[in-house]
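# Inside the fold
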Amino acid sequence: MSTSTGTDKIGTLLYSPTSPFVRKIITASRELGILHRLTITRLPIGPLLTDAEIWSHNPLGKVPSLIIEKDDDEDDDDEVLFPSPVVLRYLDIEGRMTVAGGDGNGGTKEERLKELQLEALCDGILDAMVLVHYELTIRPESTPSQTPWQSWIDGQTSKARRGLRLLASRVRHGTITTPKPDQVMNVVQISLAAVLWWLQRRFPEQGWLEDEEMAVLKGWEEVVKKRESMAPEPEMEFGESVVVEKGPNGEEKIVQV
């Protein structure tokens, strides 16, 4: 597996350590060997924030957002990339690797469509369960019912479970493969890893992988979670900016900027 040797800074990644979409970007950056080329800044985010700094960079107020810093002699404002599929593909270009587009040249039309669809499925599962998380944690006390809307929760959770069943079948039939130690994970593998990481972290009581149909996903995850790219996220305070450098033995070292 080759890795990027570039040292030029790519930009600033606006970050939350609990976001599964940010998890995709951190994992991809580690796989590509370019995490050290990002400045990582943690900002407060949330659907109810109206004056957060994130709004000045991304009108949707979401992370990940990647600020691409222009050269000093350019008059244009810095460019901001979002959401995670766009950020991931930009980093893929910077890393000169094959995270996106199987054969390193963009892949065939069929491969690209399959990749995009499976990535969208993973993101859709996360979107559904993020809505459940919000329903359980930020419903205002002034609403007629202070208890969570169970039918809504059940409907969104059902979407996630149907999506996981389809992903399990794709692993079972080899459409989604298990990455080998000397291979860089592709976008679908990275997206699936983020889904499994976040669902089990945020909703462990759901037992997502406990039934027999999910055994293939459980086995897939057991292999993938041992990769260096699946290490814990950098811990930071709100407003803090860091660079994650590699130590002499390959360990990550967080350096404040």
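Quick note: structure is the one above.
What counts and what doesn't
- Residues numbered from 1 in each chain as written.
- Predicted model: local features only at pLDDT ≥ 70, side-chain atom pairs only at ≥ 80, totals over all residues.
- Heavy atoms only, no water.
- Pairing = 2+ DSSP bridges.
- Helix = DSSP H or I, 4+ residues; strand = E, 2+ residues; numbered from the N terminus.
- Axes fitted to C-alpha atoms, helices over the stretch in contact; angles between N-to-C directions.
- Contact = heavy atoms within 4.5 Å.
- Phe/Tyr/Trp six-rings, centres within 6.5 Å; stacked < 30°, edge-to-face > 60°.
- Buried < 20%, exposed > 50% of the residue type's maximum accessible area, 1.4 Å probe, protein only.
- Lys NZ or Arg CZ within 6 Å of the ring centre and 35° of its normal.
- Parallel < 35°, antiparallel > 145°, perpendicular 65-115°, else oblique.
- Nonpolar A, V, L, I, M, F, W, Y, C, P; charged D, E, K, R; others polar.
- Expected span 1.5 Å × (residues − 1).
- Patch = residues over 30% accessible without salt bridge, like charges linked within 9 Å, V, L, I, M, F, W, Y side chains within 5 Å.
- Areas by Shrake-Rupley, 256 points an atom, 1.4 Å probe, with all protein chains shown as cover.
- Salt bridge = Lys/Arg side-chain N within 4 Å of Asp/Glu carboxyl O.
- Core = buried A, V, L, I, M, F, W, Y, C linked by side-chain atoms within 4.5 Å.
- 1 Å grid on protein atoms, 1.4 Å probe; cavity = no way out; pocket = protein on both sides within 12 Å on 5 of 7 lines; lining within 4 Å.
- Points joined across faces, edges and corners; volume = space filled by probe spheres on them.

### A closer look at the sheet that holds strand β3 (residues 65–68)
Paired through backbone hydrogen bonds, the strands of a sheet run either parallel or antiparallel to each other. Across the sheet, six strands lie side by side as β4-β3-β1-β2-β5-β6; this open sheet has mixed pairing. Of all the strands in the sheet, just β4 (79–81) and β6 (252–256) have a single pairing partner and so form its edges. Pairs of neighbouring strands in the sheet enclose a mean axial angle of 30°, with direction left out of account. Taken together, the five bridges between strand β5 (residues 241–246) and β6 define a ladder with antiparallel strand orientation. Residue pairing across strands places Val242 opposite Gln256, the latter belonging to β6. Contacting β1 (11–15), β2 (38–42) and β6, helix α1 (residues 20–32) crosses the sheet at an angle of about 140° to β1.

### Considering the packing of aromatic side chains
Following the criterion strictly, the structure yields two aromatic pairs and no others. Judged by centre distance (5.8 Å) and plane angle (75°), the ring pair of Trp198 and Phe203 falls under edge-to-face. You can call Trp198 buried: its relative accessible area is 3%. The ring centre of Phe238 lies 4.2 Å from the NZ or CZ of Arg42, which sits over that ring.

### Thoughts on the packing of helix α2 (residues 84–95) against helix α3 (residues 109–137)
For any two helices packed against each other, one specifies the crossing angle of their axes together with the interaxial distance. Packing of α2 against α3 leaves a shortest axis separation of 11 Å and a crossing angle of 130°. It follows that α2 is oblique to α3 by the angle criterion. For the pair formed by α2 and α3, the contact residues are Ser84, Pro85 and Arg89 on the first element and Arg112, Glu115, Leu116, Glu119 and Asp123 on the second. Its residues assigned to classes, the contact of α2 with α3 shows two nonpolar, one polar and five charged.

### A look at α2
Its 12 residues give α2 an end-to-end C-alpha distance of 16 Å, which sits within 8% of 16 Å, the value for a rise of 1.5 Å per residue. Burial in α2 covers these residues: Ser84, Val87, Leu88, Arg89, Leu91, Asp92 and Gly95. Residues of α2 that are buried sit in contact with α1, β2, β3, β4, α3 and α5 (187–202).

### Some details on a nonpolar patch on the surface
Taken together, Leu48, Leu131, Tyr134, Ile138, Trp149 and Trp152 make up a surface patch of nonpolar side chains, about 570 Å² in accessible area. Mapped onto the secondary structure, Leu48 falls in the loop between β2 and β3. A residue is classified by how much of its surface remains accessible, and Leu48, at 60% relative accessible area, is exposed.

### Some details on the nonpolar core
By size, the foremost hydrophobic cluster in this structure holds 61 residues, and its most contacted members are Leu66, Leu91, Leu164, Leu192 and Leu217. Residues within four places of Leu164 in sequence aside, it is in contact with Ile125, Val195, Leu196, Leu199, Trp208, Met214 and Leu217.

### Considerations on the environment of Arg89
Mapped onto the fold, Arg89 is located in helix α2. In sequence terms Arg89 and Val187 are 98 residues apart; their C-alpha atoms lie 8.8 Å from each other.

### As for the layout of surface pockets
Computed from the structure, the largest pocket encloses a volume of approximately 800 Å³. Considering the residues around the largest pocket, the lining is formed by 33 residues, among which Phe21, Ile45, Lys62, Val130 and Tyr134 are closest to the centre. With seven residues, the single largest contributor to the lining of the largest pocket is α3. Within the lining of the largest pocket, the residues separate by chemical class into 19 nonpolar, nine polar and five charged.

### Re the environment of Trp152
Mapped onto the secondary structure, Trp152 falls in helix α4 (residues 150–172). With a relative accessible area of 31%, Trp152 lands in the partly exposed category. Remark: the alpha-carbon pair of Trp152 and Val132, spanning 20 residues in sequence, is separated by 7.8 Å. Every residue in contact with Trp152, bar those within four places of it in the chain, is listed here: Leu131 and Glu135.

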